[in-house]
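Each chain, letter by letter, is given below.
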Amino acid sequence: MTSPEFHDVLIVGGGHGGAQAAIALRTSGFEGTVMIVGREPELPYERPPLSKEYLAGERTFDRLHIRPAAYWDEKQIALRLGSTVVAVDSDARLVRCADGTELHYGSLVWAAGGDPRALPWPGSDRDGVHSVRDREDVDQIISELGGVNAVVVIGGGYIGLEAAAVLSKLGKKVTLIEAMPQVLARVAGQSLANHFELRHRAEGVELLLGEQVAGIEGDTRVSGVRLASGAILPADMVIVGIGIAPCVEPLIAAGAQGGDGVLVDTRCRTSLPDIYAIGDCAAYANRFADEKVLRIESVQNASEMANVVARQICGGDAEINAVPWFWSNQFDLKLQTVGLSLGHDRTVLRGNPDTGSFSVVYLKGGKVVALDCVNNARDYSHGRRLVELGLAADPDELADTTRQLKEWLTREPVAEPAGAKP
Ligand code: FAD
């Protein structure tokens, strides 16, 4: 009988969070055994280029690896790839893989990300209907592109817009359908959304806003997308970007608290002993959103949470503390976002969008809570400090682009209004 396999730290998921947790453990001098169990067959790789340079054919897959292949051996980080964890037993401190293998752990780091949300429309299983979540998705899209002219993109979030931009640059006739009256409805204000809409239309992308999809047409392969109005848009390929569902079932089944994601505290601890959760699948009370419990889907968040966990496993202490940031590239628009604009009560436009470089500053109760900066790295880097410090700023002054945002950093702090919390 073989003895059970034990790892001091077992990491489930070999994406951004999982890889960074292992890297941070070794960087911090952790000498115990570390294993990553990953469902994908690939070495850990960067996901953001999938809808950008990789789809465009501008970057090969080997240039997406988070670390060169030799790194994992050198650092003695065991990789069990192509393996899915299907169950967790927190009393026995073990996980079970789909092939029945049981792996015992000292600490478990759940970094399983999310799966594209299940498509709710009849016909969604037709060939030629794709999500953009992993390498396999994008390789399949690329392999079919030669025979494709008309592409319908469903969803006007970052991934849908990035895919639309790349595919239209590749010469495809792209139509994007968004159920809300504007693109980026979940994450950005109207003025930024309008700028991206104008740009996509100028590049030949047809945008159908406020439209509902009713079904996918075609026998075995997709031939069109049926709208709620009854109209059918011809399509040789459909790309769906309607968000993700966090991969948390085994943890929730094991008794971890959570719903839309596993609930963690600011030290990334779940409600189960010695089980941490990080990245897209973890929800926590975010200090940049008035302590609202949120999942943040970004590389920065996954990396920070990974570092927090590594610090604790190494015997130190750390909490999630960094201001969230994010980026998106569409055509020549380089968007950098810092902070969370959720619940903002005022926006200020800095600069003229017609020049191609501008920022939108989001205020809440007079304080700067977020910025969207388009081709404006300077506002982004100074604005970041404003958000970190939660500084108050006068909207008219903020709109004056002869003044740099760093000016506010050297001013005397504005007094808290009477009755404000200590
Ligand atoms: P992931 O990187 O998704 O890794 C999770 C891994 O766990 C996956 O490999 C998954 O297969 C595996 N897994 C799931 N279940 C199991 C299981 N039961 N057992 C074993 N393994 C399992 N963020 C940005 O900040 N900027 C961007 O520009 C940007 N662009 C993006 C573009 C695309 C196309 C996508 C898909 C995402 C983009 N993101 C971007 C988001 C960013 O990639 C994610 O926030 C980040 O990858 C989250 O890391 P993670 O470790 O939580 O999850």
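Residues numbered from 1 in each chain as written. Predicted model: local features only at pLDDT ≥ 70, side-chain atom pairs only at ≥ 80, totals over all residues. Heavy atoms only, no water.

A. Inspection of the pairing of strand β5 (residues 94–97) at higher detail. Pairing of strand β4 (residues 85–89) with β5 involves four bridges; the strand directions are antiparallel. Across the sheet, the residue bridging to D89 is L94, located in β5. Hairpin connection from β4 to β5: four residues lie between these consecutive antiparallel strands, with R93 at a positive phi of about 55 degrees. Both β5 and strand β6 (residues 102–110) contribute to a ladder of three bridges, which runs antiparallel. Along β6, the bridge assignment pairs L94 with H104. (Pairing = 2+ DSSP bridges. Helix = DSSP H or I, 4+ residues; strand = E, 2+ residues; numbered from the N terminus.)

B. Just the nonpolar core, in detail. Counting 73 residues, the largest nonpolar core has W72, W110, I278, V368 and L398 as the members making the most contacts within it. Filtering out sequence-adjacent residues up to four positions away, I278 remains in contact with G17, G18, A21, V109, W110, A111, C268, M305, A306 and V309. Among the nonpolar cores identified, the runner-up in size contains 42 residues, and V151, I239, F331 and L333 belong to it. (Core = buried A, V, L, I, M, F, W, Y, C linked by side-chain atoms within 4.5 Å. Buried < 20%, exposed > 50% of the residue type's maximum accessible area, 1.4 Å probe, protein only. Contact = heavy atoms within 4.5 Å.)

C. Seen up close, the packing of aromatic side chains. Per the counting criterion, the structure on display carries six aromatic pairs. Consider the rings of Y158 and F326, whose centres lie 4.6 Å apart with planes at 35 degrees: the pair is tilted. Of the two residues, Y158 is situated in helix α5 (residues 158–169) and F326 in strand β22 (residues 325–330); the sequence distance between them amounts to 168 residues. By relative accessible area, Y158 is classed as buried at 14%. In this structure an aromatic cluster arises from ring pairing among Y158, W325, F326 and W327. Positioned above the aromatic ring of Y71 is the side chain of R67, whose terminal nitrogen or guanidinium carbon lies 5.4 Å from the ring centre. (Phe/Tyr/Trp six-rings, centres within 6.5 Å; stacked < 30°, edge-to-face > 60°. Lys NZ or Arg CZ within 6 Å of the ring centre and 35° of its normal.)

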